[in-house]
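# Residue-level structural notes
Here is how the chains run, residue by residue.
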Amino acid sequence: MASVITISIFSLIIFFVYSQYRALQRNITAARASGFKYVVSPVFFQSIPWILLQEALLPILKKVPAERTESWLPLSLFYRIWHFGYEPFEKAGTDTIMIVSPSGNALWTCNPELIIQTCTRYKDFIKPIDMLAMLNIYGPTITASEGEENRVYRKVAAPSFNETTHRTVWTESLDQADMMLEFWEQNGGKVDQLNHDSNRFALHVLSKVFFNREMKWLGQEKIPEGHELTYNAAISSVFKYNDTLFMTPKPILNNSPMESHKKAKQSFLEFQKYMVEMRDETASRLRSSKPSDGGSLLENFVMAGTPDLQNDNLIISPAAVLGNMFIFILAGHETSANTMALAITLLACNPTFQKTLQSDIDSIVGSRPPSEWSYLTDYPKLQNGCVGALMNETLRLYSVLPFIPKTNPAPQTLTLENQTHHLAKDTLILINASAAHRNRKYWPQPPKDKTVPGDASPYPLSSFHPERWLSPANGYSTPAADHFDPIPGSYIPFAEGFRSCMGSRFARVEFCAGIARVFQEYSVELAGGKSDEDFRKAREMLSSGMGFEMGLKMKEAVPLRFVKRVK
Ligand code: HEM
């Protein structure tokens, strides 16, 4: 009996090894046929066991001689793509490289020509939606859908991103910035967790703009009848526990005795109740009155998902109303919040640019109160000035989504420098935004001996140069060589083409209003002090201390102090 078991196990192992070997040979043949440079790797970027185990295995892998791992490991570490920046491409001597493994081929690129082709040929290159299905916790979503279904969601949402909406983003961001400043004042200007506050700021703006819900920073919100949490608490905690909600199968979450699971389940159900109430109230209002100008996001999704309110061209399932309400808040808050927190922390580390930014804000809005600021005239000036330059440079250095995945359901060709490359079907294409934003052909990097203390790969602090975005055409007297207009595909913070970000203008308006209001009144500095050691620590937290979850963020916030400006 024992020998039968041994033989069976042995045969299974032989079969597994043989099938892996055959798969690897097939994948090597496909990589060769593509004409791209390729390297062989034991692991596949997208493999779930590898994603789960890689951080634990890393100390062991670091002991293996570098020449055995350096060609494939940096582009196989899910959580560290941003940290390696352009380095793996520089070492490989090419901007496009295929990583071949038995489980599949991953084509990594930071080449602008290929980025544009893979983002604009929407029928040829699609999102690998299996990877994203976990986001559909409340129902189908724009993010985890493809083809006709995705186009319908985009058509439903697009009219809501109009100038009326952006004007509301402007006024609400100014109001929320004022409330945030008042909140900070209560603590003498000391802010230990800027990312928590920027998250709150962004959630509040979205709630007003999408759901017409006013959110306050101070004072007690009452728990409405039939609820266990306030709206504020429900929305905040559903995002606090979103990883648990995405990863844990429903039956486990429903029956688990673990405290974190219970809290995640409670916030999931509470936010669902609030969304259902908002959906139903909106549907009954729309039965007797017309939607607002262009329709708010909520109105447009409710009309498309409610049988008696639908128009023939735009029909979605009732579940997709809730799914999309949730995903728009998810897509629109952490991205904006992390960008704002990083930009402010960069200003604390760069006092000279902070002063330039403040003078620029003064020259645009002077000492006018925010009620007199104009979306039509002030916003474009802020966007074309130092505030817009700060956002562009922050997004260049900290691509919130460091890689953008695509795949090709059928064999495809790609053209690079007039050469045709053949891509086998189902190749995983990974657009490396972090590397594209540091591609030395378009973005000169400082030599390593010129980097500032504490800064580590990919050297965001040493390469921080927001002035590059200021144009003489907008009245800025930066040397002509400094002004930069990136070539298409080399700067992709909001992606490109058909699946690009729907909220890029929303995010820009929100950032300009929020930053301008804060720095009209306050300066920011490191709470620890101004010694070389304080700056070194902060730079370390902004480089090696960065982490990646749903997006790029600081693992630990740099403690800051906001000090009232003396003008
Ligand atoms: C600084 C802030 C933001 C950044 C850096 C950003 C970046 C991006 C990127 C890179 C994508 C493409 C993702 C991919 O293809 O995998 C994306 C998609 C998306 N973004 Fe944003 N985003 C920001 C703010 C917003 C805001 C404020 C909203 C909504 C109000 C929003 C709504 C969306 C939606 C709905 C999609 C999915 C589109 C689709 O899949 O068809 N984003 N964003």
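Since we're looking at a predicted model, the values are computed, not measured.

### A short note on the overall build of the chain
Tallying secondary structure elements over the chain gives 21 helices and 12 strands in all. Expected size for 567 residues packed as a compact globule is a radius of gyration near 24 Å; at 25 Å, the chain falls within 12% of this value. Reported as C-alpha extents along the three principal axes, the dimensions of the chain are approximately 80 × 60 × 50 Å. Within the chain, the proportion of its 567 residues that are buried is 54%. Long-range pairs, those at least 24 residues apart, make up 73% of the contacts in the chain between residues at least 6 apart in sequence. Per element, the accessible surface of the chain, about 25600 Å² overall, is 57% carbon and sulfur.

### As for the UniProt feature "binding site: heme" (unreviewed entry) in the chain
As recorded in UniProt, the sites labelled "binding site: heme" (unreviewed entry) are C501. As for its placement among the helices and strands, C501 is situated in the loop between α19 (433-436) and α20 (504-521). By relative accessible area, which is 36% here, C501 ends up partly exposed.

### Side note on the sheet that holds strand β4 (residues 190-191)
Taken together, three strands build an open sheet; the order of strands is β4-β12-β9 and the sheet is antiparallel. Each edge of the open sheet is held by one strand with a lone partner, namely β4 and β9 (522-526). Here β4 pairs with strand β12 (residues 560-564) via two bridges, running antiparallel. Its bridge partner lying in β12, K190 is registered against R561.

### Things to note about helix α21 (residues 532-542)
For α21, every residue scored as buried is listed here: D534, F535, A538, R539, M541 and L542. Buried residues of α21 fall within an arc of 160° about the axis and therefore sit on the same side. In this fold, the buried residues of α21 make contact with α4 (81-84), α15 (318-349), α16 (351-365), β9, β10 (546-548) and β11 (552-554).

### Thoughts on the side chain of N232
Counting through the fold element by element, N232 comes out in helix α10 (residues 231-240). Each residue touching N232, except ones within four places of it in the same chain, is listed here: H204, M215, K216 and E221.

### Describing the site of the ligand
With respect to spatial proximity, 27 residues lie near the ligand, and among them K127, R154, G332, R499 and C501 are the closest. At 2.6 Å from an oxygen atom of the ligand is found a side-chain nitrogen or oxygen belonging to K127. In this structure, an oxygen atom belonging to the ligand sits 2.8 Å away from a side-chain N or O atom of R499. The greatest single-element share of the shell around the ligand, amounting to six residues, is contributed by α15. Among the residues forming the shell around the ligand, the class breakdown is 16 nonpolar, eight polar and three charged.

### Observations concerning the pattern of salt bridges
Tallied over the entire structure, the rule returns 27 salt bridges. A salt bridge links K441 to D95; the nearest nitrogen and oxygen atoms lie 2.6 Å apart. In this pair, K441 sits in the loop between α19 and α20 while D95 sits in the loop between α5 (87-92) and β2 (96-101), placing the two residues 346 residues apart along the sequence. The exposure class of K441 is exposed, given its relative accessible area of 56%. The salt bridge involving E270 is made with K273; its shortest N-O contact spans 3.5 Å. You can see E270 and its partner K273 sitting in helix α13 (residues 259-288), three residues apart, about one turn around the helix. In this structure K273 comes out as partly exposed when scored by relative accessible area, which is 34%. Each of D178, R517, E521 and K564 takes part in a single network of salt bridges with overlapping partners.

### Some remarks on the packing of α15 against α16
It is the contact of α15 with α16, at a shortest axis distance of 5 Å, that shows an interaxial angle of 115°. Judged by the inter-axis angle, α15 sits roughly perpendicular to α16. Counted together, L347, A348 and C349 of α15 and P351, F353, Q354 and L357 of α16 form the full contact between these two elements. Each residue belonging to the contact of α15 with α16 can be placed in one class, and the counts come to six nonpolar, one polar and no charged.

### So, the sheet that holds strand β8 (residues 428-432)
If you walk across this open sheet you meet the five strands as β1-β2-β3-β8-β5, and the pairing is mixed. Looking at the sheet topology across the chains shown, the edges are occupied by β1 (37-40) and β5 (403-407). Each strand of the sheet is rotated relative to its neighbour by a mean of 25°, with strand direction disregarded. Relative to β8, strand β3 (residues 104-109) runs parallel, the two being bridged by four bridges. Opposite L107, over in β8, you have I429 as the bridge partner. Relative to the sheet, helix α6 (residues 112-120) contacts β2, β3, β5 and β8, its axis offset from that of β8 by approximately 125°.

Scoring rules and cut-offs
- Residues numbered from 1 in each chain as written.
- Predicted model: local features only at pLDDT ≥ 70, side-chain atom pairs only at ≥ 80, totals over all residues.
- Heavy atoms only, no water.
- Helix = DSSP H or I, 4+ residues; strand = E, 2+ residues; numbered from the N terminus.
- Rg over C-alpha atoms; globule rule 2.2 N^0.38 Å.
- Buried < 20%, exposed > 50% of the residue type's maximum accessible area, 1.4 Å probe, protein only.
- Contact = heavy atoms within 4.5 Å.
- Areas by Shrake-Rupley, 256 points an atom, 1.4 Å probe, with all protein chains shown as cover.
- UniProt positions renumbered as here; feature names shortened; annotations may be inferred.
- Pairing = 2+ DSSP bridges.
- Arc of directions from axis to C-beta.
- Near = heavy atom within 4 Å.
- Polar contact = N/O pair within 3.5 Å; in protein donor to acceptor, adjacent residues only side chain to side chain.
- Nonpolar A, V, L, I, M, F, W, Y, C, P; charged D, E, K, R; others polar.
- Salt bridge = Lys/Arg side-chain N within 4 Å of Asp/Glu carboxyl O.
- Axes fitted to C-alpha atoms, helices over the stretch in contact; angles between N-to-C directions.
- Parallel < 35°, antiparallel > 145°, perpendicular 65-115°, else oblique.

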